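What follows is each chain in one-letter form.
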Amino acid sequence: MPSTFTVEAIYTVIGAVHICINTNLCNLTYLYLNNNSAIIEFPVFLNNLSGCISLPLQWLDASHSQFVGPPSYKIQTLTNLTHLEMSSCNLGPSFPKWIQTLKNLVYLDISNNGISDTIPMEVWDMWPSQLICMNLSSNNISGKAPDLSLNFDNNSVIDLSSNGFYGQISNVSSTVASLNLSRNKFYGGISFLCQIVHGLLEFLDLSHNSLTGQIPDCLWHFKELKVLNLGHNNLSGRLPPPIGSLIQLEVLDLHKNGLFGELPLSIKNCTNLTTLILGANKFSGNVPVWIGEKLSWLYVLILRSNIFFGTIPLQLCQLPNLQILDLSMNHLHGTIPSCLDNLMSMVQEGLLPTQNVHSYSIEWYYSGGGLYDFQDDEYVDHAMIEWQGDEQEFFRNLVLLKSIDLSSNNLMGQIPYEITNLYQLISLNLSNNALLGEIPLTIGQMKQLETLDLSGNNLSGEMPLSMSGMTFLNHLDVSYNNLSGRIPSSTQLQSFPPSTYDGNTGLCGPPLTKKCPGDEESEATSVNGKSEGDGEDIDELWGWFYIGGGTGFATGFWISIGALLLNRRGRHAFFHFYDSFSDWVYVKIMVFIANLQRARHT
């Protein structure tokens with residue numbers, strides 16, 4: 001009868017581990033060697049099963065283990081193997097060609113193995129035709145785009161992400177449910193998606209390639225789609241209104257393409273959206289008010305570097321989960337809404353329940369072998385964020401970031417003091433606008449701020465003293481305003497380079513070389529002990545000192561003399577002491593002079 005053998009979690013063994021199994025396991029069906037940090041010759045014990053005519057092994061999971069040398073010859077004879085999972089097993093750098101001999105494979109995962117060569121075309125031609133799951137991600141495999149049509153007869157999973165594949169994609173399985181071709185060198189159009197006729201697609205990531213053309217209308221037929229990432233390509237055209245039919249959509253990322261026009265009103269139907277990233281395109285029109293009215297689950301909203309105009313809609317203040325708001329580099333005008341302190345996720349301490357990691361499960365049934373299973377996977381939100389003067393990509397730590405970026409617009413008026421109520425805000429960028437007035441006096445209560453950029457405005461007045469308490473601040477820029485007065489003293493504010501304060505002619509004090517009024521007089525007082533202005537007071541003080549000292553000396557002298565004149569015994573004791581002391585002093589002086597003369601002659 002079928003049996004299972006597990007060697008799991010050997011974390012502390014050093015050296016080779018040899019597993020010897022007797023022939024009683026000739027019926028072995030499931031073998032688990034996963035999550036072993038020990039060094040294993042893989043799998044030597046299979047060779048010891050010499051008494052078995054044919055192993056019925058169907059399931060082999062050796063993922064996240066460390067192996068020495070290539071798998072033994074016995075693995076190539078596992079003709080019944082349907083499930084092979086060997087991710088993170090150090091199989092590279094050459095592609096394991098023995099895989100093509102496993103003709104019954106349904107599930108294959110050899111991701112993250114350091115495979116760096118090209119998969120020969122004959123390997124693709126001999127690829128197991130019934131594969132349902134193929135994961136080659138996070139290697140450095142190069143070569144032309146493979147034929148991804150294969151003979152899939154069920155919901156399939158294809159993941160070739162983070163490799164060096166190039167060329168046009170012409171064929172893809174008609175039943176694919178998860179397709180990840182991101183971070184390669186693919187080019188050409190994406191009309192191949194129209195070959196997916198069953199509309200079962202749940203996950204689609206084609207980001208970080210060189211794909212061109214328009215988004216095909218057939219894409220909106222995928223009613224089960226949860227993640228759509230086409231970012232960092234060269235796509236063009238308008239965003240078709242039927243996008244509103246993707247009612248299950250949680251992530252829409254179209255960052256850095258050539259898309260233009262107004263955002264379709266139909267997107268408001270995608271009420272499950274948590275991440276909306278449309279930056280670095282040519283979208284225009286007003287920032288839609290329906291974003292704040294309908295997309296209440298949003299925690300990431302990035303519309304930066306587009307052609308949006310008008311004012312910032314007050315409805316954005318209705319997004320209770322919003323943690324990242326980026327409207328920078330547009331043509332927005334008007335004032336900063338004072339209601340921004342309603343963004344509760346930036347006020348409350350800790351993390352609100354957000355969907356930073358999007359899990360999905362794809363069920364499939366392989367009728368040829370009577371095998372039923374499902375594939376669990378996840379998509380982790382990631383986004384390009386302007387951080388401390390540089391654009392950086394955030395992944396799992398994106399959920400930890402709480403940021404507002406309204407920079408490079410035409411915003412006017414004062415900075416609303418209400419914005420300082422966002423106690424948990426980590427990054428605030430209001431630079432390159434036309435803001436005026438003073439920096440809010442209560443800005444110091446934003447103690448979690450790590451980056452603050454107010455440069456390139458018309459702010460005036462002094463820097464609030466409360467800023468000296470912003471101990472987490474490690475990036476500050478208030479340059480090119482009209483600020484004046486002394487820079488508040490703190491470990492943080494004096495540690496920034498002088499360029500932080502450039503263009504504010506009225507600012508003074510460290511770290512600037514410009515001294516504040518009164519600093520010169522204070523230095524003169526500390527060096528000379530007095531200043532010219534208080535010379536008369538010093539002379540008068542010394543005059544009274546001499547008068548008091550002289551009067552006290554005279555009084556004490558005559559009291560002492562009077563006591564000696566009236567007291568005969570005291571008088572004799574005093575003059576005896578005086579004679580003895582005079583003799584002692586005379587001897588000491590003569591000895592000192594003699595020693596000095598001797599040293600001179602020497």
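Up top is the structure.
Worth saying up front: this structure is predicted, and the values here are computed from it rather than measured.

**Q** Help me understand the overall build of the protein chain, please; the structure alone is not making it clear to me.
**A** A count of helical and extended segments in the protein chain gives 5 helices and 39 strands. Here the protein chain holds 602 residues, and the buried ones make up 49% of them. Within the protein chain, counting contacts between residues at least 6 apart in sequence, those at least 24 apart form 53% of the total. Carbon and sulfur atoms make up 55% of the accessible area of the protein chain, which amounts to about 28,700 Å² in all.

**Q** Would you explain the side chain of Glu85 in this entry?
**A** Here Glu85 shows up in strand E7 (residues 83-85). With no salt bridge to any partner, buried Glu85 finds its closest opposite charge in Arg396, at an N-O distance of 14 Å. Beyond its immediate stretch of four places on either side in the chain, Glu85 contacts Leu60, Asp61, Ala62, Ser63, Tyr107 and Asp109.

**Q** Explanation requested: the nonpolar core in the structure shown.
**A** Counting 121 residues, the largest nonpolar core has Leu179, Leu228, Ile291, Leu452 and Tyr501 as the members making the most contacts within it. Once you skip the residues sitting within four places of it in the chain, Leu452 turns out to touch Leu428, Ile443, Met467, Met470, Leu473, His475, Leu476 and Asp477. Within the second largest apolar cluster, 12 residues are counted, among which are Val300, Ile324, Trp387 and Leu398.

**Q** How should I be thinking about the packing of aromatic side chains in this particular structure?
**A** In this description, an aromatic ring pair is defined by two values, namely the gap between the centres and the angle between the planes. Applying the stated criterion to the full structure yields 4 aromatic pairs. Relative to Phe394, the ring of Trp387 has its centre 6.0 Å away and its plane inclined at 80 degrees; by these criteria the two rings are edge-to-face. For Trp387, a relative accessible area of 12% gives the class buried.

**Q** When you look at empty space enclosed by the protein in this model, what are you seeing that I'm missing?
**A** Any empty space left between the atoms is revealed when a probe the size of a water molecule rolls over them. Counted by the stated rule, this structure contains 4 cavities of 30 Å³ or more. Taken as a whole, the largest cavity encloses approximately 60 Å³ of empty space. Lining the largest cavity are Ser207, His208, Asn229, His232, Asp253, His255, Ile277, His382, Ala383, Met384 and Glu393. Its residues placed into classes, the lining of the largest cavity shows 3 nonpolar, 6 polar and 2 charged.

**Q** In this structure, what is going on with the layout of surface pockets? I would like to understand it.
**A** Empty space within the largest pocket amounts to approximately 580 Å³. Along its surface, the largest pocket is lined by 28 residues, and Asp159, Ser161, Asn180, Asp377 and Glu378 are the ones closest to its centre. At 6 residues, strand E28 (residues 371-380) tops the list of elements feeding residues into the lining of the largest pocket. Class assignment of the residues belonging to the lining of the largest pocket gives a composition of 9 nonpolar, 11 polar and 8 charged.

Rules used throughout
Residues numbered from 1 in each chain as written. Predicted model: local features only at pLDDT ≥ 70, side-chain atom pairs only at ≥ 80, totals over all residues. Heavy atoms only, no water. Helix = DSSP H or I, 4+ residues; strand = E, 2+ residues; numbered from the N terminus. Buried < 20%, exposed > 50% of the residue type's maximum accessible area, 1.4 Å probe, protein only. Contact = heavy atoms within 4.5 Å. Areas by Shrake-Rupley, 256 points an atom, 1.4 Å probe, with all protein chains shown as cover. Lys, Arg positive; Asp, Glu negative; His and termini not counted. Salt bridge = Lys/Arg side-chain N within 4 Å of Asp/Glu carboxyl O. Core = buried A, V, L, I, M, F, W, Y, C linked by side-chain atoms within 4.5 Å. Phe/Tyr/Trp six-rings, centres within 6.5 Å; stacked < 30°, edge-to-face > 60°. 1 Å grid on protein atoms, 1.4 Å probe; cavity = no way out; pocket = protein on both sides within 12 Å on 5 of 7 lines; lining within 4 Å. Points joined across faces, edges and corners; volume = space filled by probe spheres on them. Nonpolar A, V, L, I, M, F, W, Y, C, P; charged D, E, K, R; others polar.

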